[in-house]
Amino acid sequence: MFWLDRLNSGLNRLLIGGGRVELLHWAYDEHLVDNRPHRHTYFEVCLVGRHGEGCFFEGSQEHILEPGTLFVARPGVVHNIVNTAHPLMELYWVAFGWSAEDKSPRTDGERAMRAFVESHICLAKEQTALLTLWEALRVNASCPWTVGSLDQTTALLKAVVLAIAQALSPTERVDNPEDHTRSGRIASTQAVRYIEDNLNRTLSLEEIASHVNISTRQLTRLFSTFAGTSPAQYVRVTRLDRASALLTRTELPIKEISHQVGFTDVQYFTRCFTTHFGVSPGAFRQGMRSGRIIQRPGMLL
């Protein structure tokens, strides 16, 4: 099969943290026949595809196989596969070795690989997500090779190997305290961009929160944390700052500028602008053009 030839022709090493995965071969069989007991000096990890049932014999242990079952033959362990139904099982598998020079892992991925190597778990059922990932690798490697294909395929190879390590080792969920900060910052950035892209019309707290898929309460909390103000106040100040830029850089009438930044009433816009900057829009424009920088104390232009 062309996609297997491509995977096996040169993509034979993955660097994960300070360790290396030596990829010996990728394989696939739509209808795997029974095999004889044998052993390897490497890890051989198999995944039952969309059809077939059988048994995996690992030494004296017998394990039931069904679609979506992931299992591993570890180095030195005698094993074999026997079908128990028709059609014969579809099987994906990969053989690889692992080595690491450092005594402690450098990354979470390397930590997962070390946990896999030391684990005694040999089987994990219902690995539909991994099956989808493996099938994506198959499709990707079957496509015509273009710019970026090598990096894309390598990323999928690493994703498959790490998913195997996670499924076949007793790794627990890692709760990284930075995740909450990062997700909050991302949501705040998305909200700010949405506001800046839609200043020309009315924006409700509900609409902004819905756009970033959080509650209005969460949105208010995020703006307090990352912007030091409320969403409503942020929208108001952003409208006025945009108006100040338009007054300085364009010849647009003040009424048109007020509409462009979301004020339907030019008189209300003038009051808000004057309160914010300390001068009216007209005086602001004249002051900027005459070289007299007008700035209310504590405000940034």
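Rules of the game
Residues numbered from 1 in each chain as written. Predicted model: local features only at pLDDT ≥ 70, side-chain atom pairs only at ≥ 80, totals over all residues. Heavy atoms only, no water. Core = buried A, V, L, I, M, F, W, Y, C linked by side-chain atoms within 4.5 Å. Buried < 20%, exposed > 50% of the residue type's maximum accessible area, 1.4 Å probe, protein only. Helix = DSSP H or I, 4+ residues; strand = E, 2+ residues; numbered from the N terminus. Contact = heavy atoms within 4.5 Å. Polar contact = N/O pair within 3.5 Å; in protein donor to acceptor, adjacent residues only side chain to side chain. Pairing = 2+ DSSP bridges. Axes fitted to C-alpha atoms, helices over the stretch in contact; angles between N-to-C directions. Phe/Tyr/Trp six-rings, centres within 6.5 Å; stacked < 30°, edge-to-face > 60°. Lys NZ or Arg CZ within 6 Å of the ring centre and 35° of its normal. Arc of directions from axis to C-beta. Salt bridge = Lys/Arg side-chain N within 4 Å of Asp/Glu carboxyl O. Parallel < 35°, antiparallel > 145°, perpendicular 65-115°, else oblique. Nonpolar A, V, L, I, M, F, W, Y, C, P; charged D, E, K, R; others polar.

Draft legend 1. The arrangement of the nonpolar core in detail. Core analysis: the biggest nonpolar cluster contains 38 residues, and Trp26, Trp134 and Ile164 have the highest contact counts within it. Considering every element that reaches this core, the biggest residue donor is helix α4 (residues 149–167), with eight residues. Sequence-distant contacts of Trp26, that is, excluding residues within four places in its chain, are made with Leu4, Leu7, Asn8, Trp93, Val94, Trp134, Leu137, Leu157 and Val160.

Draft legend 2. Focus on the side chain of His79. Within the secondary structure, His79 sits in strand β7 (residues 79–83). Its relative accessible area of 3% is what places His79 among the buried residues. A polar contact is formed between the side chain of His79 and the backbone oxygen of Val77, at a distance of 2.9 Å. Other than its neighbours up to four places away in sequence, His79 contacts Arg36, Pro37, His38, Arg39, His40, Glu44, Phe56, Phe57, Glu58 and Ala73.

Draft legend 3. Seen up close, the sheet that holds strand β5 (residues 61–65). Taking strand neighbours across the sheet as the criterion, the three strands line up as β5-β4-β7 in an open arrangement whose pairing is antiparallel. Edge strands, defined here as strands with exactly one partner in the open sheet, are β5 and β7. Within the sheet, the average angular offset between the axes of one strand and its neighbour, ignoring direction, is 20°. Taken together, the five bridges between strand β4 (residues 54–58) and β5 define a ladder with antiparallel strand orientation.

Draft legend 4. Region of interest: the packing of aromatic side chains. In this structure the tally under the stated criterion is 15 aromatic pairs. With a centroid separation of 5.8 Å and 80° between ring planes, the pair formed by Trp26 and Trp134 is classed as edge-to-face. Here Trp26, found in strand β2 (residues 19–29), pairs with Trp134, found in helix α3 (residues 128–142); they are 108 residues apart in sequence, far enough to count as distant. Residue Trp26 is classed as buried on the basis of its relative accessible area of 3%. What makes Trp134 buried here is its relative accessible area of 0%. Between the aromatic rings of Phe96 and Phe116, the centroid separation amounts to 5.8 Å while the plane-to-plane angle is 35°, which identifies the pairing as tilted. With Phe96 in strand β8 (residues 91–100) and Phe116 in helix α2 (residues 108–118), this pair connects stretches of sequence that are 20 residues apart. Pair check on accessibility: Phe96 and Phe116 agree, each one buried. Members of the aromatic cluster, each reached through a chain of ring pairs, are Phe263, Tyr268, Phe269, Phe273, Phe277 and Phe284. A cation over an aromatic ring shows up here: Arg74 above the ring of Phe116, its NZ or CZ 4.8 Å from the ring centre. In this arrangement the basic side chain of Arg138 is found over the ring face of Tyr28, its NZ or CZ atom lying 4.4 Å from the centre.

Draft legend 5. Spotlight on helix α7 (residues 216–226). For α7, every residue scored as buried is listed here: Leu219, Leu222 and Phe223. The buried residues of α7 occupy an angular sector of 95° when projected down its axis, which confines them to one face. Exposed and facing more than 90 degrees away from the buried side of α7 are Arg217 and Thr225. Phi turns positive, to about 70°, at Gly228, one or two residues after α7.

Draft legend 6. Broad picture of helix α11 (residues 281–289). Listed in full, the buried residues belonging to α11 are Pro281, Phe284, Arg285 and Gly287. All buried residues of α11 fall inside an arc of 165° around its axis, so they share one side. Packed against the buried residues of α11 are α8 (231–249), α9 (254–260) and α10 (266–277).

Draft legend 7. The arrangement of the pattern of salt bridges in detail. Under the defined criterion, the tally for this structure stands at nine salt bridges. Among the salt bridges present, the one from Glu22 reaches Arg13, with a minimum N-O distance of 3.0 Å. For Arg20, the salt bridge is made with Glu22, and the minimal N-O distance between the two is 3.8 Å. With a relative accessible area of 25%, Glu22 lands in the partly exposed category.

Draft legend 8. Quick peek at the packing of α8 against α10. One way to put it is that α8 packs onto α10 with a least axis distance of 10 Å and a crossing angle of 95°. Taken as axis vectors, α8 and α10 run roughly perpendicular relative to one another. Contact residues: α8 offers Arg236, Val237, Leu240, Asp241, Ala243, Ser244 and Leu247, while α10 offers Tyr268, Phe269, Cys272, Phe273, His276 and Phe277. Looking at side-chain class alone, the contact of α8 with α10 contains nine nonpolar, two polar and two charged residues.

Draft legend 9. Spatial organisation of unusual backbone geometry. With an omega of 0°, the peptide bond between His86 and Pro87 qualifies as cis. Its location among the elements puts Pro87 in the loop between β7 and β8. Even without a glycine there, the phi angle at Glu126 is positive, about 55°. Mapped onto the elements, Glu126 comes out in the loop between β9 (123–124) and α3.

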